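# Structure assessment
As a plain string of letters, each chain reads:
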Amino acid sequence: AYVIAEPCIGTKDNSCVEVCPVDCIHPTPDEPDYDKVEMLFIDPDECIDCDACVEACPVDACFAEDQLPEEWASFAERNAAYFAGR
Ligand code: SF4
């Protein structure tokens, strides 16, 4: 699955939400917790590894999990954890 990392914090551009073919990036702006979280997350169980979000993101926050920079390794767990509580 793909992972959203540090650059999304404070950015939440939503370009990825618009291009994701399986709508697995949350929260979307119309969801109640949108204003409560500092970044967006990819649901690892739904992501089909299409790469569309990588191209769409203006701050290069999306990565294939195996290309996630070492300093942002914890974001894989952070993305998954967001969906564990939903
Ligand atoms: Fe959505 Fe594709 Fe990005 Fe996965 S890789 S989050 S399916 S846009």
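Our subject is the structure listed above.
A few points on the structure. (Residues numbered from 1 in each chain as written. Predicted model: local features only at pLDDT ≥ 70, side-chain atom pairs only at ≥ 80, totals over all residues. Heavy atoms only, no water.)

### Here's the deal with the environment of Val 59
Put simply, the rule reads: The secondary structure listing takes helices from DSSP runs of H or I that are at least 4 residues long and strands from runs of E that are at least 2 residues long, numbered from the N terminus. When a residue's accessible area, from a 1.4 Å probe over protein chains only, is under 20% of the maximum for its type it is buried; when over 50% it is exposed; and in between it is partly exposed. Only heavy atoms enter the contact rule, under which two residues are in contact if any of them lie within 4.5 Å.
Looking at where Val 59 falls in the secondary structure, it is placed in the loop between helix 2 (52-56) and strand 4 (62-64). When its relative accessible area of 31% is taken as the criterion, Val 59 is described as partly exposed. As a C-alpha pair, Val 59 and Phe 83 span 24 residues in sequence and 23 Å in three-dimensional space. If we ignore the near neighbours within four places in the chain, the residues touching Val 59 are Pro 7 and Thr 11.

### Thoughts on a negative patch on the surface
Convention followed: Patch definition: residues above 30% relative accessible area lacking any salt bridge, with like charges linked at up to 9 Å and the nonpolar side chains Val, Leu, Ile, Met, Phe, Trp and Tyr linked at up to 5 Å. Reported accessibility uses the Shrake-Rupley method at a 1.4 Å probe radius. Residues are deemed covered only where the shown protein chains occlude them. What makes a salt bridge here is a side-chain nitrogen of Lys or Arg within 4 Å of a carboxyl oxygen of Asp or Glu, nothing more. For the charge count, each Lys or Arg is scored as positive and each Asp or Glu as negative, with His and the chain ends excluded. Note that the charge is assigned to NZ on lysines, CZ on arginines, CG on aspartates and CD on glutamates.
On the surface, Asp 49, Asp 51, Glu 55, Glu 65 and Asp 66 cluster together into a patch of negative charge. By relative accessible area, Asp 66 is classed as exposed at 68%.

### Topic: the packing of aromatic side chains
What counts, and what does not: Note on ring pairs: Phe, Tyr and Trp rings are taken, using the six-membered ring of Trp, and paired if centres are within 6.5 Å. Classes follow the plane angle, with under 30 degrees stacked, over 60 edge-to-face and the rest tilted.
By the definition in use, this model includes 3 aromatic pairs. Ring geometry for Phe 63 and Trp 72: centres 5.8 Å apart, planes at 55 degrees, overall tilted. Neither residue differs from the other here; Phe 63 and Trp 72 are each classed as buried. Judged by centre distance (5.1 Å) and plane angle (90 degrees), the ring pair of Tyr 82 and Phe 83 falls under edge-to-face.

### Quick look at the side chain of Asn 14
Position of Asn 14 among the secondary structure elements: in the loop between strand 1 (2-4) and helix 1 (15-19). Exposure remark for Asn 14: the relative accessible area of 12% places this residue in the buried category. Beyond its immediate stretch of four places on either side in the chain, Asn 14 contacts Pro 29, Tyr 34 and Leu 40.

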